[in-house]
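# Tertiary structure, described
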Amino acid sequence: MNKSKYRGVVVPMVTPVTQDGQLDTEAVKRIIDFFAQNHVSPLLMGTTGEGNSVSQADGQLFVETAVKAAGGRILIYAGLTGNCFAEQVRQAEVYTALGADVIVATLPTYYALTEEQMYEYYKTLADCITGPLMLYNILATTHMSIPVPIIKKLADHPNIVGLKDSERDLERMAQCIEIVKGRDDFAYFCGWAAQSAHSLELGGNGIVPSTGNYVPEMFQQLFEAAMQGDWNTANRLQDETNEIAKIYQKDRTLGQSLTALKVMMQTKGLCEPWMLMPLTRLSQEEEQAIREKL
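Residues numbered from 1 in each chain as written. Predicted model: local features only at pLDDT ≥ 70, side-chain atom pairs only at ≥ 80, totals over all residues. Heavy atoms only, no water.

### Digging into the overall build of the protein chain
Note the threshold: Under the DSSP-based scheme used, a helix requires at least four consecutive residues in state H or I and a strand at least two consecutive residues in state E, with every element numbered from the N terminus. Any residue under 20% of the maximum accessible area for its type is buried, any over 50% is exposed, and the rest in between are partly exposed; the area is computed with a 1.4 Å probe on protein chains only. Note on areas: Shrake-Rupley with a 1.4 Å probe; residue coverage comes only from the protein chains shown. None of His or the chain ends enter the tally, which takes Lys and Arg as positive and Asp and Glu as negative. Working definition for charges: the position is that of NZ of Lys, CZ of Arg, CG of Asp or CD of Glu.
Along the backbone of the protein chain there are 12 helices and eight strands. In terms of its C-alpha atoms, the protein chain occupies a principal-axis envelope of roughly 50 × 45 × 35 Å. Considering the protein chain as a whole, with its 294 residues, one finds that 55% of them fall into the buried category. Taken as a whole, the protein chain presents about 12,500 Å² of accessible surface, with 49% of it coming from carbon and sulfur. Of note, the protein chain has its 25 positive side-chain charges centred 2 Å away from the centre of its 35 negative side-chain charges.

### A short note on the environment of methionine 227
By the element assignment, methionine 227 lies in helix α9 (residues 216-227). Taking C-alpha positions, methionine 227 is 9.8 Å from asparagine 205, a pair spaced 22 residues apart along the chain.

### Topic: the packing of aromatic side chains
Spelled out, the test is: Stacked, tilted and edge-to-face pairs are distinguished by plane angle, under 30 degrees for stacked and over 60 for edge-to-face with tilted covering the rest, among Phe, Tyr and Trp rings (Trp via its six-membered ring) whose centres lie within 6.5 Å. Throughout this description, the term charge over a ring refers to an Arg CZ or Lys NZ atom that lies within 6 Å of the ring centre and within 35 degrees of the ring normal.
Counting across every chain of the model gives six aromatic pairs. Measuring from centroid to centroid gives 6.1 Å for tyrosine 77 and phenylalanine 189, while their planes differ by 65 degrees, and the two rings are edge-to-face. Of this pair, tyrosine 77 sits in strand β3 (residues 77-80) while phenylalanine 189 sits in strand β7 (residues 187-190), and the two are 112 residues apart along the sequence. Judged by centre distance (6.0 Å) and plane angle (80 degrees), the rings of phenylalanine 85 and tyrosine 121 are edge-to-face. On the criterion of sequence distance, the pair formed by phenylalanine 85 in helix α3 (residues 85-97) and tyrosine 121 in helix α4 (residues 115-128) is long-range, its members being 36 residues apart. Lying over the aromatic face of tyrosine 119, lysine 153 brings its terminal NZ or CZ to 4.1 Å of the ring centre.

### Some remarks on helix α11 (residues 254-266)
Heads up, the condition is: Working rule for helices: expected span equals 1.5 Å times residues minus one. Residues are treated as being in contact if the distance between any of their heavy atoms lies within 4.5 Å.
Its 13 residues give α11 an end-to-end C-alpha distance of 19 Å, which sits within 8% of 18 Å, the value for a rise of 1.5 Å per residue. Most of α11 is tucked away: 10 of the 13 residues are buried. The set of residues buried in α11 consists of Gly255, Ser257, Leu258, Thr259, Ala260, Leu261, Lys262, Val263, Met264 and Met265. Packing partners of the buried residues in α11 comprise α1 (25-37), α10 (231-249) and α12 (284-293).

### Let's talk about the nonpolar core
Applicable threshold: Nonpolar cores were defined as sets of buried Ala, Val, Leu, Ile, Met, Phe, Trp, Tyr and Cys residues, with membership established by side-chain atoms within 4.5 Å.
Among the nonpolar cores identified, the biggest contains 87 residues, and Tyr122, Leu133 and Phe186 are the most heavily contacted of them. Take this core: its biggest share by element is seven residues, from α1. Residues in contact with tyrosine 122, not counting those within four places in the same chain, are Ala105, Thr106, Leu107, Leu133, Leu135, Tyr136, Ile146, Leu154 and Ile160.

### Notes on the pattern of salt bridges
Note the cut-off: Note on definitions: salt bridges are taken to be side-chain nitrogens of Lys or Arg within 4 Å of carboxyl oxygens of Asp or Glu.
By the definition in use, this model includes 15 salt bridges. Across the salt bridge formed by arginine 73 and aspartate 33, the nearest N and O atoms sit 3.0 Å from each other. Residue arginine 73 is found in the loop between α2 (56-70) and β3, and its partner aspartate 33 is found in helix α1; the two are separated by 40 residues along the sequence. Judged by its relative accessible area of 44%, arginine 73 falls in the partly exposed class. Looking at aspartate 33, the relative accessible area reads 28%, which means it is partly exposed. Its salt-bridge partner being aspartate 127, residue lysine 123 comes within 2.9 Å of it at the nearest N-O pair. Residue lysine 123 and its partner aspartate 127 are both found in helix α4; the two are separated by four residues, about one turn of the helix. With a relative accessible area of 28%, lysine 123 lands in the partly exposed category.

### Some words on the layout of surface pockets
Put simply, the rule reads: The way it works is a 1 Å grid over only the protein atoms, where trapped points that fit a 1.4 Å probe form a cavity and open points with protein on both sides within 12 Å along at least five of seven lines form a pocket, and then any residue with an atom within 4 Å of a point lines it. Grid points are joined across faces, edges and corners, and a volume is the space filled by probe spheres set on the points.
Approximately 640 Å³ is the volume found for the largest pocket. Lining the largest pocket are 30 residues, with Arg168, Gly191, Ser210, Gln249 and Leu254 sitting closest to its centre. Elements supplying a minimum of two residues to the lining of the largest pocket: α5 (139-142), α10 and α11. Of all the elements, α10 adds the most residues to the lining of the largest pocket, at five residues.

### Quick notes on unusual backbone geometry
The omega angle of the peptide bond from methionine 277 to proline 278 is 15 degrees, so this bond is cis rather than trans. Summarising the element assignment, proline 278 is placed in the loop between α11 and α12. Positive phi, close to 60 degrees, is recorded for histidine 39, a residue that is not glycine. As for its position among the elements, histidine 39 is in the loop between α1 and β2 (41-44). For methionine 45, which is not glycine, the phi torsion reads 60 degrees and is therefore positive. For methionine 45, a relative accessible area of 4% corresponds to the buried category.

This is the structure:
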């Protein structure tokens, strides 16, 4: 593994909101403290964090609250989504000024982009912002895949520090991890939680598991075991966390699974299972069934 400063467990944090859709800042503080105690960092406003549904004002409040709650104990990764480039640059600069350590950007998604357009988007964004930029590839929501050769080319940009890849493709994973080998200026993060241990064994720098919202300690233990070459422990924890993931993911759409995850977090006193439109809560019966499974 390379020696990039960007490494370890980065949890794609849920966005806790109140019943009327306002950011629940007290819940943000609780979750960030929970993460810091377990030595994992948050990715704010990623896919699990309903990033496309968070307003600009709440995004800024979210970053500000998280940075203060973290108190320098953990890095803060801030997700960037949207289709207006000027607004994205402005928002990224605000997040960096508020103390976010890294900006993590998905592709704009309204238009199907050519490979050259993908490259130019990330290169220009990296040129325009002062904070470090991480690429975020997620085919399931953007319906586009950043080609490996484009990632390899972007990895040479001095302000692009890594890739978070959530695409479910083992061959692609191996190819992307090859890019980071022998260099310390570009990191690979696996966003496919079920392959966390495998990605680390291949030489990845970090993992981004949504189930870490509920059991951050298990993923931190998995990461530490992997760093020590204890693959029996890492793979056991992988199997155990996969089973926990089924509680909120099985037979649900991505959006439904996110509110189910908040139900699980509610049992630990972390947040309420309210969602930002267009997502909605599950029925009372479904929520109760999740609590009983726990």
